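# Summary of structural features
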Amino acid sequence: MKSPLLANIALSALDDHFAGQWQQLMKTPWQRQARRKRGLGNWKMIRFADDFVVMVAGERQHAEALREEVSGVLATLGLRLAPEKTRVVHIDEGVDFLSITIRRMRKRGTSRHYVYTKPSKKAIQAVKDKVTAKTYRSTLYQEPAVLIPGISAVDSHAWNRIMRWLRRKYQGRTGLGMPELRRRFCVPGTWKLAHNGVVFTGASTVPVVRYRYRGTRIPSSYPEPSAGPSG
């Protein structure tokens, strides 16, 4: 299906299918534990528009069986899974979902493992490509105060591109070297780029906010239907 909007509407049937099973089979912790003792897997589906991931607590065969089940549900809608986008992976290998890589890794300096999330390599490269395009020679006519806030990127790549851009813009005409560039375009005593009160803060200053799963506890924005006239 070419339209994400239509796919989003159609996939509500997938939500209903798995939500019904979840309520019947794995609603409580003891039900999930009982399934594991019987060698069965537990799972939960997360969907955003026409993208979804099924998280499985079990073995690989449980994940593969769920993939076939999903294919069966989609077939009744006239849809199919895209082979190039459908994978069965272990959490230690990591999975990309909505431009985010989700992976379990050992915490540095400890023997404990945690699930981490970070921008995917593809998403980071897309940002780098945008930074590169904004710092081509063809943009040297701009003022630094215009360039800096127009760039959003991975900090190290963005900083290097901006500094290279500044050197090209000013070195040829004024003979500015790195010390002078730093004096003119960095916060005193630091390498933080700034010009005329505009500071390049970088992506590292953006706080990471975690959201807990709220499921059916999310309030509906639609009014409750009024009761009909009683007979």
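What comes next concerns the included structure. Computed from a predicted model, the values in this text were never measured in an experiment.

## Some words on the side chain of His-62
- Examined against the element boundaries, His-62 turns out to sit in helix α4 (residues 60-75).
- Not counting residues up to four positions away in its chain, the partners in contact with His-62 are Gly-39, Leu-40, Gly-41 and Val-56.

## What about the sheet that holds strand β4 (residues 100-106)?
- Spatially, three strands are ordered β3-β4-β5 in an open sheet, and the strand pairing comes out antiparallel. Each edge of the open sheet carries a strand with a single partner, namely β3 (95-97) and β5 (113-119). If you compare each strand with its neighbour and ignore which way they point, the axes differ by 30° on average.
- With three bridges connecting them, β3 and β4 associate as antiparallel partners. Each bridged residue has a counterpart across the sheet, and for Val-95 the counterpart in β4 is Ile-102.

## Some details on the pairing of β5
- As paired strands, β4 and β5 are joined by seven bridges and run antiparallel to one another. Its bridge partner lying in β5, Ile-100 is registered against Pro-119.
- Counted between consecutive antiparallel strands, the loop separating β4 from β5 contains six residues, among which Gly-109 sits at a positive phi close to 85°.

## Observations concerning the pattern of salt bridges
- Tallying each qualifying case throughout the model produces four salt bridges.
- With a shortest N-O distance of 3.0 Å, Glu-64 and Arg-60 are connected by a salt bridge. You can see Glu-64 and its partner Arg-60 sitting in helix α4, four residues apart, about one turn around the helix.
- Close ionic contact of Arg-104 with Asp-92 constitutes a salt bridge, the shortest N to O distance being 2.8 Å. Remark: Asp-92 occurs in the loop between α4 and β3 and Arg-104 occurs in strand β4; sequence separation between them is twelve residues.
- Residue class for Asp-92 comes out partly exposed when judged on its relative accessible area of 33%.

## A look at helix α2 (residues 12-25)
- Its 14 residues give α2 an end-to-end C-alpha distance of 20 Å, which sits within 8% of 20 Å, the value for a rise of 1.5 Å per residue.
- Burial in α2 covers these residues: Leu-14, Phe-18 and Trp-22. The buried residues of α2 occupy an angular sector of 60° when the element is viewed end-on, so they sit on one face. Facing away from the buried side of α2 by more than 90 degrees, the exposed set consists of Asp-16 and Gln-24.
- In this structure, the buried side of α2 is in contact with α3 (29-37), β1 (42-48), β2 (51-57) and α4.

## Quick word on the pairing of β2
- Pairing analysis gives seven bridges linking β1 to β2, with the strands arranged antiparallel. For Ile-46, the partnering residue across the bridge sits in β2 and is Val-53.
- Linking β1 to β2, which pair antiparallel, is a turn of two residues; within it Ala-49 sits at a positive phi near 55°.

## Re the packing of α2 against α4
- At a minimum axis distance of 10 Å, the contact between α2 and α4 shows a crossing angle of 135°. As far as their axial angle goes, α4 and α2 are oblique. Note that α2 runs across α4; the crossing there is right-handed. For the pair α2 and α4, contact is made by Leu-14, His-17, Phe-18 and Gln-21 and by Leu-66, Glu-69, Val-70, Val-73 and Leu-74, respectively.
- Broken down by class, the residue content of the contact of α2 with α4 amounts to six nonpolar, two polar and one charged.

Criteria and thresholds
- Residues numbered from 1 in each chain as written.
- Predicted model: local features only at pLDDT ≥ 70, side-chain atom pairs only at ≥ 80, totals over all residues.
- Heavy atoms only, no water.
- Helix = DSSP H or I, 4+ residues; strand = E, 2+ residues; numbered from the N terminus.
- Contact = heavy atoms within 4.5 Å.
- Pairing = 2+ DSSP bridges.
- Axes fitted to C-alpha atoms, helices over the stretch in contact; angles between N-to-C directions.
- Salt bridge = Lys/Arg side-chain N within 4 Å of Asp/Glu carboxyl O.
- Buried < 20%, exposed > 50% of the residue type's maximum accessible area, 1.4 Å probe, protein only.
- Expected span 1.5 Å × (residues − 1).
- Arc of directions from axis to C-beta.
- Parallel < 35°, antiparallel > 145°, perpendicular 65-115°, else oblique.
- Left-handed = near helix turned anticlockwise from the far one by under 90°.
- Nonpolar A, V, L, I, M, F, W, Y, C, P; charged D, E, K, R; others polar.

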